[in-house]
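This is what each chain is made of:
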Amino acid sequence: MATMMFVTMIILLLLGFPLMVPLLAAALLAFVFYIPALDPQILVQQMIGGVKPPALIAVPLFIFAADIMTRGLTANRLLDLVMSFIGHVRGGLPITTAASCTLFGAVSGSTQATVVAMGSPLRPRLLKAGYTDSFSMALIINSSDIALLIPPSIGMIVYGVVSGTSVGELFIAGIGPGLLILMLFSVYCYFYSRIKNIPTQERRDWSERGRALRAALLPMGFPVIVVGGIYAGTFSPTEAAAVSVAYAVLLEVVIFRQLGWKDIPDLAVSTGMITAVVFILVAAGAAFSWTLSYAQIPSLLVNDILNLDPSQPTMVLIAVCAAFFVGCMFVDPIVVILVLTPIFAPIIQAAGIDPVLAGTLITLQVAIGSATPPFGCDIFTAIAVFKRPYLEVIKGSPPFFLILLLATALLISFPQIALFLRDLAFR
Amino acid sequence: MMNYLVRIMAMADKSMAWLEKAALAIGVIGMTLVSVSNVFMRNVLGESLTFADELNQALIILVTFLGVGYAARQGRHIRMTALFDQLPRLPRKIMMIVIAACTAALLFLLSWYSLDYALHTRSVGSVTPSLQIPLWIIYAVAPIGLAVGGVQYVMTLIRNLASHDVYISFTHTDEYDTSHSPTQEI
């Protein structure tokens, strides 16, 4: 039955069916052939149950906030701020790119939104400064990975809900690894531009910096609300999301006046559609996972086929990382998290691994996987936005990929990178 | 003949699209208002809104299921198109017809099951804990939304049969659209 479900899913997936079809068709076939005694109504019940957890409301709210801000001035002002302070150092432009993606990650919860919002203004500047296109695109795609680790993070919300882990703790735990990757990327960019001898940018004087800082002061309120609010225990992630939307409206409609009240319904429709696209997958994933666990496939897979030994937590973590990473090379991260988390959750628990550490690592893996060939979804976003051929988009990736693997190894060896802030805030 | 059919469908589709848009906008703005008021109530007045969670649940179910049709119309459901895109026009078109037909069939079937489920909930008579809204009214969104999604894929199929280009939805051809806003690229 497990074979049938996975084979059906993979074939339909490769043929180009909308992602909900492989999940639902596999579950439905399992009902028809293997568990005919059960009423297929259960699938619908699971689908509705899958989108119902109150913590998931944070997802549309964060998407809405990001949607309002990308249409407004926030994204550009954050970019200008980073640019004015570090644009002039060696490798300053690529480091600015990585740092802006990180900062934008504190505003938006998805890697693909970051590719578009930061990549569109930065790629022309990188090219003009003398960086190759494949380096620039790889930099943008991989830096956007950081956005998934920096709170808010849609991947972490879904993981938290599916595995029953605190979303707030996950958010805080993502900051350390996110900054670590930013640092490693910056070091690489520094040496890259040094070796390629690419001229540096003009240094901005302090009056320009002051102006950029003032302009970015209000947009900087987002990290304060999201990170500060959750860190201090004032807000739950869902509340932080709600306050973000209110703040985004206040900023863009009332203060900057970049958007009018009449734009809000249109933005709500676009947010609603993205939400539906994600949530129908959450629903289908819930139905699929329920069918799997009803047939006790997760324990079969983990204990008998993969033969994982819970007394070796490091091995378990590596296996978990590999599974999520490979999954995201092919499919959308949300689907991977929905399908694989229930499979691996029992062994993670049995091995005594901190679920927050596991969640942070998994988020990192899905982020790397979505930027990795053959089918990582960020690559296709980049192809669509930058209109460059596939091979050129992925050509510059290997160094970044190695750095991200290094970050994974560091995180497995030194879990405190993720857990230090969490322990400080919650323990 | 085929073209008349397409034209009539296009007209019906426009009003349907308007209704779906209204539902999505109400859903998202509603969630925002409920959540923001709840934060205000809890942190300022010290008392949470008891109905915030159940209202949000109803709204997210509304957005999820009614959004299926809207996203299908825009050709925005996530697909793994790496192999699909490599095909020449004709096989791609045939594949799209097969995909539309199967997806429509699956959505109709699920719509039927969810109708069963909604009716079952109605016969049990369960209500939400604080507002006492009958649950079946909320769940009835699922069969409607899934059926509307199914109809969209049938229309995609007809559009592909009636025209030369490869259509990934009733209104959108199969090419990258770069005019949309950044965050729509979730």
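Preceding block: the structure.
Residues numbered from 1 in each chain as written. Chains lettered and ligands numbered in written order. Predicted model: local features only at pLDDT ≥ 70, side-chain atom pairs only at ≥ 80, totals over all residues. Heavy atoms only, no water.

How should I be thinking about the overall build of chain A in this particular structure?
If you tally the helices and strands in chain A, you get 22 helices and zero strands. With respect to the principal axes defined by its C-alpha atoms, chain A has extents near 75 × 50 × 45 Å. Every one of the 427 residues in chain A was classed for burial, and the buried ones make up 63%. A total of about 14,800 Å² of accessible surface is found on chain A, and carbon and sulfur atoms cover 66% of it. (Helix = DSSP H or I, 4+ residues; strand = E, 2+ residues; numbered from the N terminus. Buried < 20%, exposed > 50% of the residue type's maximum accessible area, 1.4 Å probe, protein only. Areas by Shrake-Rupley, 256 points an atom, 1.4 Å probe, with all protein chains shown as cover.)

Is there a simple way to explain the overall build of chain B in this structure?
When helices and strands are counted, chain B shows five helices and zero strands. For chain B, the α and β elements follow one another from N to C terminus as α-α-α-α-α. Counting only C-alpha atoms and orienting by the principal axes, one finds that chain B spans roughly 60 × 40 × 30 Å. A total of 186 residues make up chain B; the buried ones form 50% of that total. Residue pairs in contact within chain B that sit at least 24 positions apart in sequence constitute 71% of those at least 6 positions apart. Summed over all atoms, the accessible surface of chain B reaches about 8,900 Å², with 67% contributed by carbon and sulfur. Counting 12 positive and 12 negative side-chain charges, chain B places the centres of these two groups 9 Å from one another. (Contact = heavy atoms within 4.5 Å. Lys, Arg positive; Asp, Glu negative; His and termini not counted. Charge placed at Lys NZ, Arg CZ, Asp CG, Glu CD.)

Explanation requested: the layout of surface pockets in the structure shown.
Remark: the empty space left among the atoms is shown by a probe the size of a water molecule rolled over them. Residues and elements named next belong to chain A. Roughly 470 Å³ of internal volume is contained in the second largest pocket. Looking at the lining of the second largest pocket, the elements that each hand over two or more residues are helix 1 (2-15), helix 16 (313-330) and helix 17 (333-350). By residue number, the principal contributor to the lining of the second largest pocket is helix 17, which donates six residues. Split into classes, the residues belonging to the lining of the second largest pocket amount to 17 nonpolar, one polar and no charged. (1 Å grid on protein atoms, 1.4 Å probe; cavity = no way out; pocket = protein on both sides within 12 Å on 5 of 7 lines; lining within 4 Å. Points joined across faces, edges and corners; volume = space filled by probe spheres on them. Nonpolar A, V, L, I, M, F, W, Y, C, P; charged D, E, K, R; others polar.)

Help me understand the interface of chain A and chain B in this model?
Note on interface size: it is often stated as the accessible area lost on association of the parts. Of the residues lining the interface, 66 residues belong to chain A; the matching set on chain B comes to 57 residues. The contact between chain A and chain B buries some 5,800 Å² in all, and 78% of this surface belongs to carbon and sulfur atoms. At the junction of chain A and chain B, the tally comes to one salt bridge. Put simply, A:Glu239 and B:Arg42 hold a salt bridge, and the shortest N to O gap is 2.6 Å. Viewed at the interface, chain B and chain A are joined by six residue pairs in polar contact (both at pLDDT 80 or more). Elements represented by at least two residues in the side of chain A that touches chain B include exactly helix 1, helix 2 (20-33), helix 3 (41-51), helix 4 (58-71), helix 7 (111-129), helix 13 (237-255), helix 14 (263-294) and helix 19 (377-386) of chain A. Its residues assigned to classes, the side of chain A that touches chain B comprises 48 nonpolar, 12 polar and six charged. (Buried area = accessible area lost by both parts, 1.4 Å probe. Salt bridge = Lys/Arg side-chain N within 4 Å of Asp/Glu carboxyl O. Polar contact = N/O pair within 3.5 Å; in protein donor to acceptor, adjacent residues only side chain to side chain.)

Looking at this structure, I do not really get the pattern of salt bridges. What am I missing?
Opposite charge on two side chains allows them to pair when their charged atoms are near. Residues and elements named next belong to chain A. In total, this model carries 10 salt bridges over all chains according to the counting rule given. The residue aspartate 133 makes a salt bridge to arginine 388 at a minimum N-O spacing of 3.7 Å. Placement of the pair is aspartate 133 in helix 8 (residues 133-149) and arginine 388 in the loop between helix 19 and helix 20 (390-395), with a sequence separation of 255 residues. According to the relative accessible area criterion, aspartate 133 is buried, its value standing at 14%. The partner of aspartate 354 in a salt bridge is arginine 422, with the nearest N and O atoms 2.7 Å apart. Highlighted residues: aspartate 354 in the loop between helix 17 and helix 18 (355-370) and arginine 422 in helix 22 (residues 416-426), separated in sequence by 68 residues. According to the relative accessible area criterion, aspartate 354 is partly exposed, its value standing at 22%. Of the residues examined, arginine 422 reaches a relative accessible area of 2% and is grouped as buried. Here the salt bridges share partners, and the residues they tie into one network are Arg123, Asp133, Arg388 and Glu392.

Would you explain empty space enclosed by the protein in this entry?
For the coordinates displayed, the defined rule picks out four cavities of 30 Å³ or more. Quantified by volume, the largest cavity comes out at close to 150 Å³. Together, 16 residues line the largest cavity, and A:Ser110, A:Gln112, A:Asp332, A:Pro333 and A:Ile334 are the ones closest to its centre. Secondary structure elements with two or more residues in the lining of the largest cavity: helix 7, helix 9 (154-163), helix 14 and helix 17 of chain A. At three residues, helix 17 of chain A tops the list of elements feeding residues into the lining of the largest cavity. A class-by-class count of the residues in the lining of the largest cavity yields 10 nonpolar, five polar and one charged. In this structure, the second largest cavity occupies an estimated 60 Å³ of space. As for the second largest cavity, its lining consists of A:Pro18, B:Ala71, B:Ala72, B:Gly75, B:Arg76, B:His77, B:Arg79, B:Met96, B:Tyr153 and B:Ile168.

How do you make sense of the nonpolar core when you look at a structure like this?
Generally speaking, soluble globular proteins have nonpolar side chains that are buried together. By size, the foremost hydrophobic cluster in this structure holds 213 residues, and its most contacted members are A:Met20, A:Phe324, A:Phe344, B:Ile61 and B:Phe65. Looking at this core element by element, the count peaks at 17 residues for helix 14 of chain A. Those residues within four positions of A:Met20 in sequence are excluded, and the remaining contacts are A:Ile280, A:Leu281, A:Ala284, B:Val68, B:His77, B:Thr103 and B:Tyr153. Formed by five residues, the second largest nonpolar core is a distinct cluster that contains B:Val6, B:Met9, B:Met155 and B:Phe170. (Core = buried A, V, L, I, M, F, W, Y, C linked by side-chain atoms within 4.5 Å.)

Explanation requested: the side chain of B:Thr121 in the structure shown.
Residue and element names in this part refer to chain B. Assignment of secondary structure puts threonine 121 in helix 3 (residues 89-124). Given a relative accessible area of 6%, threonine 121 falls into the buried group. Not counting the four nearest positions on each side in its chain, threonine 121 is found in contact with Ser126, Leu135, Trp136 and Tyr139.

What am I meant to see in the packing of aromatic side chains here?
Aromatic rings considered in pairs are described by the distance between their centres and by the relative angle of their planes. In total, this model carries 18 aromatic pairs over all chains according to the counting rule given. Seen in terms of ring centroids, A:Phe324 and A:Phe344 are 6.3 Å apart; in terms of plane orientation they differ by 45°. Their pairing is tilted. A residue pair is termed long-range when its members are at least 10 positions apart, and A:Phe324 in helix 16 and A:Phe344 in helix 17 qualify at 20 residues. Residue A:Phe324 shares its accessibility class with A:Phe344, and that shared class is buried. Through pairs of rings, three or more aromatic residues link up here, namely A:Tyr131, A:Phe135, A:Phe185, A:Tyr188, A:Tyr192 and A:Phe400. Its guanidinium or amino end placed over the ring of B:Phe84, B:Arg79 lies 4.6 Å from that ring's centre, counting from NZ or CZ. Sitting over the face of the ring of B:Trp136, B:Arg122 holds its NZ or CZ atom 4.7 Å from the ring centroid. (Phe/Tyr/Trp six-rings, centres within 6.5 Å; stacked < 30°, edge-to-face > 60°. Lys NZ or Arg CZ within 6 Å of the ring centre and 35° of its normal.)

When you look at helix 3 of chain B in this model, what are you seeing that I'm missing?
For an α-helix the count is 3.6 residues per turn, leaving residues at separations of three or four pointing the same way. The end-to-end C-alpha separation of helix 3 of chain B is 52 Å, in line with the 52 Å expected for 36 residues at 1.5 Å each. The first or second residue beyond helix 3 of chain B is B:Gly125, which carries a positive phi of 80°. (Expected span 1.5 Å × (residues − 1).)

Help me understand the side chain of B:Gln152 in this model?
Within the secondary structure layout, B:Gln152 lies in helix 5 (residues 141-162). For B:Gln152, the residues in contact, after removing those within four places along its chain, are B:Asp13, B:Gly69, B:Ala72, B:Arg73 and B:Phe170.

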